[in-house]
Amino acid sequence: MGAEHGDGARTGLGRFAQWLKSGRGPKESTADVDRESLLLAAAAAGLPLAPAAYPSDYRCSCNRIGCPTPGRHPVSFAWQTQSTTDRAQIERWARHQPQANFITATGMVHDVLDVPLEAGREALERLLSQGIDVGPVAESGGDRMLFFTATRGTPEDEDEWWPCELDCHPETMDEHPGLRWHCRGSYVLVPPARLPADRSVDWLRGPEHPLPDPLTLLETLTDACARHAGAEPDYTSAW
């Protein structure tokens, strides 16, 4: 978003900043695009999908008493191997399970940097104003923002895998109230998804945007999270 784009680009960015500051964000309305089309668009972008639970009568469709993550978890324990980008399979799932949410398995093609909503808004505005390529972004449940990035991949030498306290798995999400890095063995809900209390997961920037290298976003996201937590940023935990 450099100077060569002229005043039009700056005006567009200004409107985007106003959307972010208003607390609404430029969500792509799921009323305008049907659920199946949005799911197929995510799969076409390379995001592997699998069916997930959904809200049912103030409970989770899994019928587990006291489900800790209602509407947010896969329906199958084999979700990692079940996840697919196959159009025909996703169409079958979507049509046979019309209320189901869908998860996308991370660490295969993409990772997700998951941050508190207010920090995400600040970071997104700053990244775009700097002309940094930002990939798909979703708002989740009214309190988190999801930045979709390319995956770090699996190095040949497993000792070179650089685990850190940002790595997040479904069972450890509560341990990471700040920035969560969903990679191997984790997942997030993919838009459109419904959550209890009329909350939802919606695209702010759709899956047509190319996946960026996570390191191009990490410092800005970490800085925004630290500022909103009232602490100085500590980048050492990410390396």
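Anything mentioned here points back to the structure above.
Below is a summary of the structure that appears in this document. A quick note: this is a predicted structure, and the numbers were derived from the prediction, not measured.

It is worth spelling out the packing of helix α2 (residues 35–44) against helix α4 (residues 87–96) at this point. Geometrically, a packed helix pair is captured by the angle between its two axes and the distance between the axes. Look at α2 against α4: their axes get within 10 Å of each other, and the N-to-C directions meet at 150°. Comparing the axis directions of α2 and α4 gives the class roughly antiparallel. Once α2 is placed against α4, the crossing between them reads as right-handed. Residues Arg35, Glu36, Leu39, Leu40 and Ala43 of α2 lie in contact with α4, whose contacting residues are Arg87, Ile90, Glu91, Ala94 and Arg95.

Leu49, Phe148 and Val190 are the most contacted members of the largest nonpolar core, which totals 28 residues. When residues of this core are traced back to their parent elements, those giving at least two are α2, β1 (49–52), α4, β4 (101–105), β7 (144–150), β10 (187–190), β11 (193–195) and β12 (199–205). The greatest single-element share of this core, amounting to 5 residues, is contributed by α2. Excluding residues that lie within four positions of it along the chain, Phe148 makes contacts with Leu47, Thr104, His110, Asp111, Val112, Gly135, Pro136, Ala138, Val188, Trp203, Leu211 and Pro212.

Taken together, the 3 strands give an open sheet; going across it, the order is β1-β4-β10, and neighbouring strands pair in antiparallel fashion. Edge positions in the open sheet fall to β1 and β10, since each of these has one partner strand only. Recorded for the sheet is a direction-independent mean angle of 40° between the axes of neighbouring strands. Of the strands in this sheet, β1 and β4 are in contact with α4, which crosses β1 at around 15°.

Rules and cut-offs
Residues numbered from 1 in each chain as written. Predicted model: local features only at pLDDT ≥ 70, side-chain atom pairs only at ≥ 80, totals over all residues. Heavy atoms only, no water. Axes fitted to C-alpha atoms, helices over the stretch in contact; angles between N-to-C directions. Helix = DSSP H or I, 4+ residues; strand = E, 2+ residues; numbered from the N terminus. Parallel < 35°, antiparallel > 145°, perpendicular 65-115°, else oblique. Left-handed = near helix turned anticlockwise from the far one by under 90°. Contact = heavy atoms within 4.5 Å. Core = buried A, V, L, I, M, F, W, Y, C linked by side-chain atoms within 4.5 Å. Buried < 20%, exposed > 50% of the residue type's maximum accessible area, 1.4 Å probe, protein only. Pairing = 2+ DSSP bridges.

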